[in-house]
Every structure is written in structure tokens, then in C-alpha cells.
Amino acid sequence: MSTETQAPRSWNIYIIPAAAVLGLAGLATFVHYNDERRAILKGQGNSDNDTTAKGPIIGGPFTLVDTENKTVTEKNLLGNWVLLYFGYTSSPDVGPDQVQMMAKAIKILESKHNVKVLPVFVTIDPQRDTPSHLRAYLQEFDSRITGLTGPANAIRQMAQEYRVYFRKIEEEGNDYLVESSHNMYLMNPNMEVARCFGVEYNAEDLSEAIVKELQKTPS
């Protein structure tokens, strides 16, 4: 979970010295991990008979733009199984691996299981990831991946709703890095989180897990 609780007015609020991050990264990761364990997948926390204390619900409404500068909200995705990933195009290693895994999993699902899942990439670095830049980046992996970006406050709001941790880290000059939890979710046709996936998955494991989840749903 993001450790910031108030929406920023600009990205600069979240620029901190790299040395300070080294001391905070472990704590932030611990807090994020434990919040994820307590979180309720959206659509699964409404039982009247369950009086157990609950954690935060994952998911919520959003308004962003796609790579063609068209407005996209959660309502546009209703009716589809969606594989939703939060990342950024300048990620040096984990990000490209995750997008490649997403692209391969989508191909496996269609070719082996005749299952269609809509892949969606939400950037957490809207300052650099403009619609045109995001489009060029995603086409290197699979043109079927829908890219979403938008104003920084809209991105942060969605990240908070989906328990995505990220932080901008200042480097020399005007450059910066982004520290992120690299969340990936399978959303059901009601845009409720059905499953969370970590970076330990490969494309084959991911596709099999998605098929199993779809099989749980009555046709």
C-alpha cells in the first residue's frame, strides 16, 4: 500500500533523496505486504454473516486516457476479464519482464485455451509516459495491450484504490527513478479483483492460474 495518504499537488512532493529511500524501502515494503494480506478483493467483502475485522478493499473507479487520448473509465472495461498491471516504461528490468509475461500469457490463453483476456497497462509515471510514448512502448510487446495514463492525481488515486505502492526517487540532474510494487490483478467482468499475481509467476503459470479462476465462474 502506498505510504502517502494525501493526494499530492505535484510530483515534486514525492521526490526524496536516494539515501533516505534505502532506510525506508524495507519498512514500506513490509507495510505494503501486510496490507495486501489484509485486503479484501472487491466484491468479496459483503457477507452479512461475516463480522471479522476487514482490511481495505482493493479496486475502485478511475478516469484515465488511453494511448489515443480517449477517456477510459472502469465502466469501459465491464464485461471483460481484464489482466491489469501497474508499471512504467522506464523500468530497467522487472517492468519489461512483467509486460513480456503478460503478452505471452495472453497468447497462451488464446492459442491453447481459446480464452480472451484484455491486457491493460496502467503507468505510475505519467510525467514521462505520455499516450504516444506509452503506445510505442507497448507495441514492442503486443499491440493488444491497452495502455492507460493521465494526470498525476488521477494515477495516484487509482494506485491508492488498488493498493499499489510507488515512490519517485530523485537522482542527479533532472533524472529520477520510480520504486514500485509492480502489482498485477485479474479482474472479473464486473471489474472486481478476482486474483492477485506476484513477480514470481512466469507466463505458463500465469495463464494456468487465470484459466483456473475462469473455471470457477459459472458460465
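Up top is the structure these notes are about.
Here's what I pulled together on the structure shown here. (Residues numbered from 1 in each chain as written. Predicted model: local features only at pLDDT ≥ 70, side-chain atom pairs only at ≥ 80, totals over all residues. Heavy atoms only, no water.)

The next point concerns helix α4 (residues 152-161). For α4, the full list of buried residues reads A154, I155, R156, M158, A159 and E161. Turning to α4, the residues buried within the fold contact β2 (57-58), β3 (63-66), β5 (82-87), β6 (118-123), β7 (146-149) and β8 (166-170). (Buried < 20%, exposed > 50% of the residue type's maximum accessible area, 1.4 Å probe, protein only. Helix = DSSP H or I, 4+ residues; strand = E, 2+ residues; numbered from the N terminus. Contact = heavy atoms within 4.5 Å.)

Another aspect to go through is the packing of aromatic side chains. Scanning the model with the defined rule gives 7 aromatic pairs in all. Note on F86 and Y162: the rings are 5.6 Å apart at their centroids and 40° apart in plane angle, and the pair reads as tilted. Remark: Y162 occurs in the loop between α4 and β8 and F86 occurs in strand β5; sequence separation between them is 76 residues. Relative accessible area serves as the criterion here: at 1%, F86 is assigned to the buried category. One aromatic cluster is present, built from ring pairs that chain together Y85, F121, Y137 and F141. Its end group placed over the ring of Y176, R128 keeps NZ or CZ at 3.7 Å from the ring centre. The cationic tip of K168 hangs over the ring face of Y176; the distance from NZ or CZ to the ring centre is 4.1 Å. (Phe/Tyr/Trp six-rings, centres within 6.5 Å; stacked < 30°, edge-to-face > 60°. Lys NZ or Arg CZ within 6 Å of the ring centre and 35° of its normal.)

A word on the nonpolar core. Grouped together as the largest cluster of nonpolar side chains are 30 residues, with contacts concentrated most on L83, V117, F197 and I210. Taken together, the elements giving at least two residues each to this core come down to β5, α2 (94-113), α3 (131-139), β10 (184-187), β11 (193-197) and α5 (203-215). Judged by nonpolar contacts, the second largest core, of 26 residues, contains I58, V120, V122 and F166. (Core = buried A, V, L, I, M, F, W, Y, C linked by side-chain atoms within 4.5 Å.)

This paragraph deals with the pairing of β5. The element β5 is extensively covered by neighbouring structure, given that 6 of its 6 residues are classed as buried. Alternating residues of β5 divide into V82, L84 and F86 and L83, Y85 and G87, and every residue in both groups is buried. For the crossover that starts at β5, traverses α2 and ends in the parallel β6, the hand is right-handed. (Right-handed = clockwise from strand over helix to strand, strands pointing away.)

Below, the discussion takes up the environment of R156. One can find R156 in helix α4. The exposure class of R156 is buried, given its relative accessible area of 3%. Distance from R156 to D125, taken between C-alpha atoms, is 9.7 Å for residues 31 residues apart in sequence.

Turning our eyes to something else, we now look at the sheet that holds β10. With mixed pairing, the 7 strands of this open sheet are ordered in space as β4-β3-β7-β6-β5-β10-β11. On the outer flanks of this sheet lie β4 (71-73) and β11, each paired with one strand and no other. Neighbour-to-neighbour, the strand axes of the sheet open up by a mean angle of 30°, direction not taken into account. One ladder, built from 4 bridges, connects β5 with β10; its direction is antiparallel. (Pairing = 2+ DSSP bridges. Axes fitted to C-alpha atoms, helices over the stretch in contact; angles between N-to-C directions.)

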